[in-house]
Amino acid sequence: MTDRTTRAEPALEATGLTVRFGDRTALDDLSLTAARGAITALLGPNGAGKTTFLRCCTGLIRPSAGRVRVLGHPAGSPAATVGIGSMPQSTGAWSGIRPLELLRHLAGLYAHPLPVDALAARLGIDDFARTPYRRLSGGEKQAVNLAGALVGRPELVFLDEPTAGMDPHARRATWALLGELREAGVSLLLTTHAMDEAATLADRVHIVDGGRVRLSGTVAELTGDGRSLEDVFLASTSPHAVSPSGAER
Ligand SMILES: Nc1ncnc2c1ncn2[C@@H]1O[C@H](COP(=O)(O)OP(=O)(O)OP(=O)(O)O)[C@@H](O)[C@H]1O
């Protein structure tokens, strides 16, 4: 599916994305790229537009203006969708299904899935493999959601706050796994509120606020003047919600 031309394109390229929900502007002419084989982190206050952006990338939302190319193909097209994995912030979809059943079901949708048992063992899912999804703890659900995103061997993975709710052991194990995926050439785009997560993992950071990219760079570039990443974040973003007109606050 991926030819030489599309391999030359970034893993992800968004140009001039605008998304409105009624009179609320969630994305406001947002443009950014994510390189192949790298971890790109999206930081931003609550309501900044991060999840909306991921939903545009996975084809769940069609922007009112702008375009997204995923692995060299239009977002939402079959050619783009086949190469991606997505870990949403939460999913109410699974309810009574048990983690191993779910992962086997998802694996069956792909031609060359990862071995489910090994993936479940790696993410500690063995311990609760037969517990109905809705009974799992927050961190356990996160592990299952992550496994679901990875089981199809995606070229590009979208992770919406992947370690939110995880204990420090699970968080470190997840960081290690994401680092290994990058070493294997997988491209990753994650959102996070954890500055240490971005600083540890990200090759490039985009700070988003009010539906726009406010700052981009490596962590070293962004903190080159001696400030912490959190100080840079606080100085470049606002605590207020997006105004109904979408105007800058
Ligand atoms: N389906 C929807 N209908 C109406 N408004 C929406 C919808 N989805 C998102 N919004 C609004 O768009 C804005 C951006 O939301 P989004 O979920 O993308 O933010 P976020 O950066 O992911 O926030 P958080 O860090 O809290 O998860 C918010 O003001 C939100 O209320």
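Just so it is clear, the structure is predicted and the values come from calculations on it, not from any experiment.

Novice: When you look at the site of the ligand in this model, what are you seeing that I'm missing?
Specialist: If you check the shell around the ligand, you find 12 residues, and the closest are Phe21, Ala26, Asn46, Thr51 and Thr52. Elements with a minimum of two residues in the shell around the ligand: β2 (24-34) and α2 (50-57). Here the element with the most residues in the shell around the ligand is α2; it accounts for 3 residues. Its residues assigned to classes, the shell around the ligand shows 4 nonpolar, 6 polar and 2 charged.

Novice: Honestly, the packing of helix α4 (residues 99-107) against helix α6 (residues 138-150) in this entry has me stumped. Any pointers?
Specialist: Between two packed helices, both the angle of their axes relative to each other and the distance between the axes serve to describe the pair. The contact between α4 and α6 brings their axes to 9 Å, and the two run at 15°. Considering the angle they form, α4 stands roughly parallel to α6. α4 and α6 meet at a crossing whose hand is right-handed. Between α4 and α6, the contacting residues are Pro99, Leu102, Leu103 and Leu106 on the first element and Val144, Ala147 and Gly148 on the second. A per-class count over the contact of α4 with α6 returns 6 nonpolar, 1 polar and no charged.

Novice: What's the story with the sheet that holds strand β9 (residues 204-209) in this structure? I'm lost.
Specialist: Pairing between the strands of a sheet is mediated by backbone hydrogen bonds and can be parallel or antiparallel. Spatially, 6 strands are ordered β6-β7-β8-β3-β9-β10 in an open sheet, and the strand pairing comes out mixed. Looking along the sheet, the strands with just one partner apiece sit at the ends: β6 (84-87) and β10 (212-217). Going across the sheet, the axis of each strand differs from the next one's by a mean of 15°, ignoring polarity. When strand β3 (residues 39-43) meets β9, the two strands line up parallel, connected through 4 bridges. Across the sheet, the residue bridging to Ala41 is Val205, located in β9. α6 rests against β6 and β7 (156-160) of the sheet, and its axis sits at about 170° to β6.

Novice: Could you clarify how one ought to interpret α2 in this entry?
Specialist: Given 3.6 residues to a turn, an α-helix orients residues that are three or four positions apart in the same direction. Burial analysis of α2 places 7 of its 8 residues in the buried class, which makes it a mostly covered element. Every buried residue of α2 is accounted for by Lys50, Thr52, Phe53, Leu54, Arg55, Cys56 and Cys57. Positive backbone phi, at 85°, marks Gly59, one or two positions downstream of α2.

Novice: What's the story with the pairing of β6 in this structure? I'm lost.
Specialist: Two faces, one strand: in a regular strand the side chains alternate between the faces of the sheet. Side chains of β6 alternate between two faces, with Ile84 and Ser86 and Gly85 and Met87 buried alike. Relative to β7, β6 runs parallel, the two being bridged by 4 bridges. Looking across to β7, one finds that Ser86 is bridged to Phe158.

Novice: Looking at this structure, I do not really get the confidence of the model for the chain. What am I missing?
Specialist: Fine structural detail should not be taken from predicted coordinates in areas where pLDDT scores are low. Looking at the chain, pLDDT values average 91 and 92% of them are 70 or higher. Considering only residues more than four positions removed or in separate chains, one finds that residues 245-249, a stretch of pLDDT under 50, has 9 contacts.

Novice: Got a minute to help me understand unusual backbone geometry in this structure?
Specialist: Peptide bonds are mostly trans, and most non-glycine residues show a negative phi. With a phi close to 60°, Asp29 is a non-glycine residue in the positive phi region. Counting through the fold element by element, Asp29 comes out in strand β2. Even without a glycine there, the phi angle at Glu161 is positive, about 50°. A residue is classified by how many C-beta atoms lie within 10 Å of it, and Glu161, with 20 of them, is buried.

Novice: Whenever I open this one, the environment of Gly185 confuses me. Can you help?
Specialist: Structurally, the position occupied by Gly185 is in the loop between α7 (168-183) and β8 (187-191). Take Gly185: there are 10 C-beta atoms within 10 Å of it, and that puts it in the exposed class. On a C-alpha basis, the gap between Gly185 and His112 in space is 17 Å, while along the polypeptide they are 73 residues apart.

Novice: Would you mind showing me how to read the nonpolar core here?
Specialist: Where a protein is soluble and globular, its nonpolar side chains tend to be buried together. In terms of nonpolar packing, the biggest core is built from 60 residues, with Ala41, Cys57, Val70 and Ala147 touching the most fellow members. Here this core takes 6 residues from α6, the largest share from any one element. Leave out the neighbours within four places in its chain, and Val70 touches Leu12, Cys57, Ala75, Ala80, Ile84 and Leu156.

Novice: Explanation requested: the pairing of β8 in the structure shown.
Specialist: In terms of burial, β8 is a largely internal element, 5 of the 5 residues being buried. Going residue by residue along β8, you find Ser187, Leu189 and Thr191 tucked away on one face and Leu188 and Leu190 tucked away on the opposite face as well. Where β3 and β8 come together, 4 bridges link them in parallel fashion. Its bridge partner being in β8, Thr40 is matched across the sheet by Leu189.

What counts and what doesn't
- Residues numbered from 1 in each chain as written.
- Predicted model: local features only at pLDDT ≥ 70, side-chain atom pairs only at ≥ 80, totals over all residues.
- Near = placed C-beta within 6 Å.
- Helix = DSSP H or I, 4+ residues; strand = E, 2+ residues; numbered from the N terminus.
- Nonpolar A, V, L, I, M, F, W, Y, C, P; charged D, E, K, R; others polar.
- Axes fitted to C-alpha atoms, helices over the stretch in contact; angles between N-to-C directions.
- Parallel < 35°, antiparallel > 145°, perpendicular 65-115°, else oblique.
- Left-handed = near helix turned anticlockwise from the far one by under 90°.
- Contact = placed C-beta atoms within 7 Å.
- Pairing = 2+ DSSP bridges.
- Buried ≥ 20, exposed ≤ 12 C-beta atoms within 10 Å, placed from the backbone.
- pLDDT = per-residue confidence, 0-100.
- Core = buried A, V, L, I, M, F, W, Y, C linked by C-beta atoms within 7 Å.

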